Amino acid sequence: MAAVTAFVATVLGNYSLLGEGAIGRVNHISFDLSGGNLHYVEGQSIGVIPDGEDAKGKPHKLRLYSIASTRHGDNLEASTVSLCVRQLEYKNEAGEQIYGVCSSFLCDIEPGAQVKLTGPVGKEMLLPPDEDANVIMLATGTGIAPMRAYLRRMFDQGERAKNPEYQFQGKAWLFMGSPTTANLLYEEDLNGYLEQYPENFRYTKAISREQQNPSGGRMYIQDRVTEHADEIFSLIANPKTHVYICGLRGMEPGIDEAMTAAASKCGENWTELRQALKKAERWHVETY
Ligand code: FAD
Ligand code: A2P
């Protein structure tokens, strides 16, 4: 395989997105892209090649991360990119605590450090150009990264000033799954959009370890989908509605189950409807 060409970016900032008492580590990390030719749009991902070598003494392979900033970057100067990264941690079979290579590299990185980036890549999660599209977003954890970019593009004042051709007027509905309130990401921005655009933005949370679903289990976003199934289905009937799913791969069967039950209530077959939505490029999934 040909070697991947990387751009060496400089870290501008790295801070925790979590509140006190949150589980794990999730950071917002920004890179300076100036001097390069790396341009991206909302919904794309970027590759990161961590420093160091793998167990075989080979350079580490790249890992993909959804871009969390808009094409204008967090400073609106079109010269930065930001990521939202959870440090992978788990116990192996021997009971040892293991931390992920690249996610740890990124969460620990200091401003001024140089990082190899590749890409951007990805067409699955691009936003439609229509200002009056409806955008339903289902995210767990860092799956909020592309949604954060969409919502900034739609509702941030600086962004709107930069995009005269995109003055969002549709409905944006974010379903966010998080283990605790302290783990909710970008809350301040989201609450600001709710205040400024109550007619356009809706935000529904599933806080799994604090809220219960009707069966007494953990509240997941698919339970919220079931709760709001009628509204979701009437929105989906509109050809201008797009659905974006990002985050844990494990949520997909649950979402399908919720949609199947909701579809059968309206006399529809979810498998067929989902295929039709996919074909119309209105059903967008990026899970990992
Ligand atoms: P590694 O050191 O590569 O370890 C991962 C490996 O550990 C796995 O392959 C598996 O073998 C093993 N493993 C993992 N969990 C367990 C477990 N519970 N038990 C046993 N073994 C286990 N991540 C983000 O944080 N933010 C994003 O925005 C983001 N976007 C992504 C977008 C795309 C399109 C894709 C494909 C992935 C995205 N990811 C994102 C995930 C990211 O690419 C990395 O996979 C993640 O950061 C882990 O990489 P790592 O190098 O830290 O872990
Ligand atoms: P939980 O871990 O309580 O079971 P994070 O990435 O910050 O950990 O957030 C992921 C969120 O997605 C958590 O609330 C987690 O719940 C939830 N989650 C875990 N598994 C699933 C699943 N199969 N379907 C939907 N949500 C899930």
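What you see is a predicted model, and the numbers here were worked out from it, not measured in a lab. (Residues numbered from 1 in each chain as written. Chains lettered and ligands numbered in written order. Predicted model: local features only at pLDDT ≥ 70, side-chain atom pairs only at ≥ 80, totals over all residues. Heavy atoms only, no water.)

(A) Local environment of the overall build of the protein chain. Across its full length, the protein chain carries eight helices and 13 strands. In terms of overall size, the protein chain behaves like a compact globule, its C-alpha atoms giving a radius of gyration of 19 Å where 288 residues would be expected to give roughly 19 Å. Split into buried and exposed, the 288 residues of the protein chain put 50% on the buried side. For the protein chain, restricting intrachain contacts to residue pairs at least 6 apart in sequence, the fraction spanning at least 24 positions comes to 71%. Of the roughly 14100 Å² that the protein chain leaves accessible, carbon and sulfur atoms contribute 51%. In the protein chain, 28 side chains carry a positive charge and 37 a negative one; their mean positions are 4 Å apart. (Helix = DSSP H or I, 4+ residues; strand = E, 2+ residues; numbered from the N terminus. Rg over C-alpha atoms; globule rule 2.2 N^0.38 Å. Buried < 20%, exposed > 50% of the residue type's maximum accessible area, 1.4 Å probe, protein only. Contact = heavy atoms within 4.5 Å. Areas by Shrake-Rupley, 256 points an atom, 1.4 Å probe, with all protein chains shown as cover. Lys, Arg positive; Asp, Glu negative; His and termini not counted. Charge placed at Lys NZ, Arg CZ, Asp CG, Glu CD.)

(B) Broad picture of the sheet that holds strand E4 (residues 63-66). Read from one edge of the open sheet, six strands run E4-E3-E8-E1-E2-E5, paired in antiparallel fashion. Strands with a single pairing partner mark the edges of an open sheet, and in this sheet they are E4 and strand E5 (80-86). Between one strand axis and the next, the sheet turns by 40° as a mean value, whatever way the strands run. Bridging between strand E2 (residues 26-32) and E5 involves seven bridges; their strand directions are antiparallel. What sits directly across from Asn27, in E5, is Val85. (Pairing = 2+ DSSP bridges. Axes fitted to C-alpha atoms, helices over the stretch in contact; angles between N-to-C directions.)

(C) Geometry of the site of ligand 2. Taken together, the neighbourhood of ligand 2 is formed by 14 residues, with Ser178, Ser208, Arg209, Arg218 and Tyr220 sitting nearest. The contact in question runs from an oxygen atom of ligand 2 to an N or O atom on the side chain of Arg86, over 3.0 Å. Note that a nitrogen atom of ligand 2 is positioned 3.0 Å from one of the side-chain N or O atoms of Gln222. When ligand 2 is considered free in solution it has 560 Å² of accessible area, and contact with the protein chains removes 82% of it. Partitioning the shell around ligand 2 into residue classes produces four nonpolar, seven polar and three charged. (Near = heavy atom within 4 Å. Polar contact = N/O pair within 3.5 Å; in protein donor to acceptor, adjacent residues only side chain to side chain. Nonpolar A, V, L, I, M, F, W, Y, C, P; charged D, E, K, R; others polar.)

(D) Seen up close, the environment of Arg274. You can see Arg274 is positioned in helix H8 (residues 270-279). On the basis of relative accessibility, which here comes to 27%, the residue Arg274 falls in the partly exposed class. Between the alpha carbons of Arg274 and Asp256 there is a distance of 9.1 Å; along the sequence they are 18 residues apart. In contact with Arg274, not counting residues within four places along its chain, are Asp256 and Trp283.

(E) Molecular detail of the site of ligand 1. Surrounding ligand 1, one finds 16 residues, the nearest of these being Arg63, Leu64, Tyr65, Cys102 and Ser103. Here Cys84 contributes a backbone N or O atom positioned 2.9 Å from a nitrogen atom of ligand 1. Separating an oxygen atom of ligand 1 from a side-chain N or O atom of Ser103 is a distance of 2.6 Å. Sorting the residues of the shell around ligand 1 by element identifies E4, E5 and helix H1 (101-108) as the ones contributing at least two each. No other element matches the four residues that E4 contributes to the shell around ligand 1. Along the lines of polarity and charge, the residues of the shell around ligand 1 split into nine nonpolar, four polar and three charged.

(F) Representation of the nonpolar core. Counting residues in each nonpolar core, the largest one holds 33 residues, and the members touching the most others are Leu151, Met154 and Leu174. Listed by contribution, the elements that provide at least two residues to this core are strand E9 (134-140), helix H2 (144-155), strand E10 (172-178), helix H4 (187-196), strand E11 (201-207) and strand E12 (241-247). The dominant element in this core, judged by the number of residues it contributes, is H2, at seven residues. (Core = buried A, V, L, I, M, F, W, Y, C linked by side-chain atoms within 4.5 Å.)

(G) Spatial organisation of the side chain of Thr142. Within the fold, Thr142 resides in the loop between E9 and H2. Residue classification places Thr142 among the buried residues on the basis of a relative accessible area of 12%. If we skip the residues at most four places from it in the chain, Thr142 touches Val26, Cys84, Val85, Arg86, Leu185 and Tyr288.

(H) Up close: the packing of aromatic side chains. All told, the structure shown has 11 aromatic pairs when counted by the stated rule. Judged by centre distance (5.7 Å) and plane angle (85°), the ring pair of Phe155 and Phe168 falls under edge-to-face. Of this pair, Phe155 sits in helix H2 while Phe168 sits in the loop between helix H3 (157-162) and E10, and the two are 13 residues apart along the sequence. Like Phe155, the residue Phe168 is buried in the burial classification. (Phe/Tyr/Trp six-rings, centres within 6.5 Å; stacked < 30°, edge-to-face > 60°.)

(I) Seen up close, the side chain of Ser30. Looking at the element boundaries, Ser30 is found in strand E2. A relative accessible area of 11% means that Ser30 is categorised as buried. For Ser30, the contacting residues outside a window of four places in its chain are Thr10, Val11, Leu12, Gly13, Asp74, Val81 and Ser82.

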